[in-house]
Amino acid sequence: MTQIVILPHATLCPDGAVLDVEPGTTICDALLANDIEIEHACEKSCACTTCHVLVREGFNSLNEADELEEDQLDKAWGLESCSRLSCQAEVADTDLVVELPKYTINHAREHH
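We now turn to the structure provided with this report. (Residues numbered from 1 in each chain as written. Predicted model: local features only at pLDDT ≥ 70, side-chain atom pairs only at ≥ 80, totals over all residues. Heavy atoms only, no water.)

**Things to note about the overall build of the chain**
Applicable threshold: Helix numbering and strand numbering both begin at the N terminus, where a helix is a DSSP run of H or I of at least 4 residues and a strand a DSSP run of E of at least 2. Exposed residues in this analysis have more than 50% of their type's maximum accessible area, buried residues have under 20%, and partly exposed residues fall in between, with area computed by a 1.4 Å probe over protein chains only. Pairs of residues are marked as contacts when any of their non-hydrogen atoms sit within 4.5 Å. A 1.4 Å probe and the Shrake-Rupley method give the accessible areas. Residues count as covered only by the protein chains that appear here.
Scanning the chain from terminus to terminus reveals three helices and five strands. Going from the N terminus to the C terminus, the chain shows its helices and strands as β-β-α-β-α-β-β-α. By principal-axis analysis of the C-alpha atoms, the chain measures approximately 35 × 35 × 25 Å. In the chain, which comprises 112 residues, the share counted as buried stands at 44%. Sequence-distant contacts, at least 24 apart, represent 65% of the contacts inside the chain between residues at least 6 apart. Of the roughly 6,000 Å² of accessible surface on the chain, a fraction of 47% belongs to carbon and sulfur atoms.

Below, the structure written as structure tokens:
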């Protein structure tokens, strides 16, 4: 099992979390399976950026982002060099530290 440390997020995970996941699981699926309701407006089809995360530690252990993911990431709020779409980022055997961004491009959620 690989450990994912989720840094505290004011609404999605106020106390942070530590998740044990099987290698090959996407970060998005790991979050959802542990009741951390990250957005995934496109139903995990790599067609939006609402599941964008920042992989603060262990980034290089993830599968490589393909061209479609890279194109989508260009649209993400708060893009950094450690940004990934959590629906596409598969966990390997290296522990991760993940930060959930404060905002997404989903204005309906941000401004309700």
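**Observations regarding the side chain of Ser83**
Test applied: Any pair of nitrogen or oxygen atoms within 3.5 Å is treated as a polar contact; in protein, a donor-acceptor pairing is required on top of that, and neighbouring residues in sequence qualify only through side-chain atoms on both sides.
Considering the arrangement of structural elements, one finds Ser83 in strand E4 (residues 83-85). Engagement of the side chain of Ser83 in a polar contact is seen with the side chain of His52, the distance being 2.8 Å. Among the polar contacts listed, one links the side chain of Ser83 to the backbone nitrogen of Glu80, at a separation of 2.8 Å. When residues no more than four places from it in sequence are discounted, the contact partners of Ser83 are His52, Val53, Leu54, Phe59, Leu73 and Gly78.

**Topic: unusual backbone geometry**
A positive phi angle, near 70°, is found at Lys44, a position not held by glycine. Lys44 gets classed as partly exposed once you look at its relative accessible area, which sits at 33%. Located in the positive-phi region is Cys46, a residue other than glycine, with phi close to 60°. The topology assignment puts Cys46 in the loop between helix H1 (27-33) and strand E3 (52-57).

**Structural notes on the environment of Leu12**
Along the polypeptide, Leu12 turns up in the loop between strand E1 (2-6) and strand E2 (17-21). Along the backbone, Leu12 and Lys44 are 32 residues apart, and their C-alpha atoms lie at a distance of 18 Å.

**What to know about the side chain of Thr50**
Among the structural elements, Thr50 can be located in the loop between H1 and E3. Owing to a relative accessible area of 6%, Thr50 belongs among the buried residues under this scheme. Of note is the side chain of Thr50, whose polar atom sits 3.0 Å from the backbone nitrogen of Ala41.

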